[in-house]
Amino acid sequence: SGKSRPMRILQYVQNTAVQGDANSVISAVDSYCANVEWAMNVGDKKGEILDAVVLDVRPRWVLELGTYCGYSTMRIARLLPPGARLITLEMNHHYAQVAKQILGHAGLDSQVDLLVGASSALIPQLKKKFDMDKFDLVFIDHWKTSYLPDTKLLEECDLLASGTVLLADNVTCPGAPEYLHYVRNSPRYKSLYFPSQLEYLRVEDGMEKSVFLG
Ligand SMILES: CCCNc1ncnc2c1ncn2[C@@H]1O[C@H](/C=C/CNC(=O)c2cc(-c3ccc(F)cc3)cc(O)c2O)[C@@H](O)[C@H]1O
Ligand SMILES: [Mg+2]
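These remarks concern the structure in this document.

What counts and how
- Residues numbered from 1 in each chain as written.
- Chains lettered and ligands numbered in written order.
- Predicted model: local features only at pLDDT ≥ 70, side-chain atom pairs only at ≥ 80, totals over all residues.
- Heavy atoms only, no water.
- Near = heavy atom within 4 Å.
- Polar contact = N/O pair within 3.5 Å; in protein donor to acceptor, adjacent residues only side chain to side chain.
- Areas by Shrake-Rupley, 256 points an atom, 1.4 Å probe, with all protein chains shown as cover.
- Helix = DSSP H or I, 4+ residues; strand = E, 2+ residues; numbered from the N terminus.
- Nonpolar A, V, L, I, M, F, W, Y, C, P; charged D, E, K, R; others polar.
- Buried < 20%, exposed > 50% of the residue type's maximum accessible area, 1.4 Å probe, protein only.
- Pairing = 2+ DSSP bridges.
- Right-handed = clockwise from strand over helix to strand, strands pointing away.
- Disulfide = S-S within 2.5 Å.

**What about the site of ligand 1?**
Near ligand 1 lie 23 residues; those nearest to it are Glu90, Ser119, Lys144, Asn170 and Glu199. Within the contact set of ligand 1, a nitrogen atom lies 3.4 Å away from a side-chain nitrogen or oxygen of Trp143. Asn170 is positioned with one of its side-chain polar atoms (N or O) 2.7 Å from an oxygen atom of ligand 1. Relative to its unbound accessible surface of 830 Å², ligand 1 loses 81% to contact with the protein. Mapped onto the shell around ligand 1, the elements with two or more residues apiece are strand S2 (85-90) and helix H9 (171-175). Taken together, the residues of the shell around ligand 1 sort by class into 11 nonpolar, seven polar and five charged.

**What to know about the pairing of S2**
A large share of S2 lies buried, amounting to five of its six residues. Pairing of strand S1 (residues 61-65) with S2 involves five bridges; the strand directions are parallel. Note on S2: the bridge partner recorded for Glu64 is Thr88. In the classification by handedness, the crossover that spans S1, the intervening helix H4 (residues 71-77) and the parallel S2 is right-handed. By the bridge criterion, five bridges tie S2 to strand S3 (residues 112-116) in an arrangement that is parallel. From the neighbouring strand, Leu86 faces S3, where its bridge partner is Val112. Each parallel crossover has a hand, and the one from S2 via helix H5 (residues 93-106) to S3 is right-handed.

**Some details on the state of the cysteines**
Taken as a whole and judged by the stated rule, the model has zero disulfides. Cysteine Cys69 shares no disulfide, and the gap to the nearest cysteine sulfur, in Cys33, comes to 7.2 Å. For Cys69, a relative accessible area of 2% translates into the label buried.

**Here we look at unusual backbone geometry**
Here the bond from Cys173 into Pro174 is cis, since omega is 5°, no more than 30 degrees from zero. Among the secondary structure elements, Pro174 is positioned in helix H9. A positive phi angle, close to 65°, is found at Tyr200, a residue other than glycine. If you trace the backbone, Tyr200 turns up in the loop between strand S6 (189-197) and strand S7 (204-212).

What follows is the structure, given as structure tokens:
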């Protein structure tokens, strides 16, 4: 049942996870996607790298590119210090609707602003819309060919400060070669690769952590 994979994930969460308990919602998504049907969540293995980066940065302002079902949105939001905000961008209305409900089930919607639209259109509006200046952390997990153009757009919109951390999923599988070349060769970034595995599979993947140097 459930017309789409995100809808089936939502139904499983609603039927099995404890309302208001973000960790039980995260575990429910992971067990569904590991045992019933694969989905492109960052997953539990790479999720631990994401958690460690969030705890290290202690960000006040976080941007996520590509919400999908809200799995990484939850992983980030549950670790934010009080008063911090996570803005997540999702161009697909159906996915955004599902993510909103999953975030609601986890009791995390107060820390999260989910905007429906294309990153290229939304990024230039963020400073004004949220009366903010720079992001402390950006999690990049949308279409892999959009990683580089959106990173350049963030630079152009003056949304990166010296010290801002970019964390990019899937730099090995499916891969983001142009993005990797840019952050690893630009003098404006200090980049580091975190080897891991593709979500729910024994396939190599990894995340790239790149610090903007200003
Ligand atoms: C204008 C386009 C760029 N701007 C955008 N602005 C806002 N939202 C955007 C978006 N692009 C894509 N999105 C959304 O992000 C999500 C897209 C994520 C793309 N992710 C992947 O393709 C992916 C794919 C795999 C994968 C790995 C191996 C394999 F065999 C098959 C798939 C694994 C992953 O972890 C992935 O993240 C969707 O919800 C989409 O609607
Ligand atoms: Mg991904």
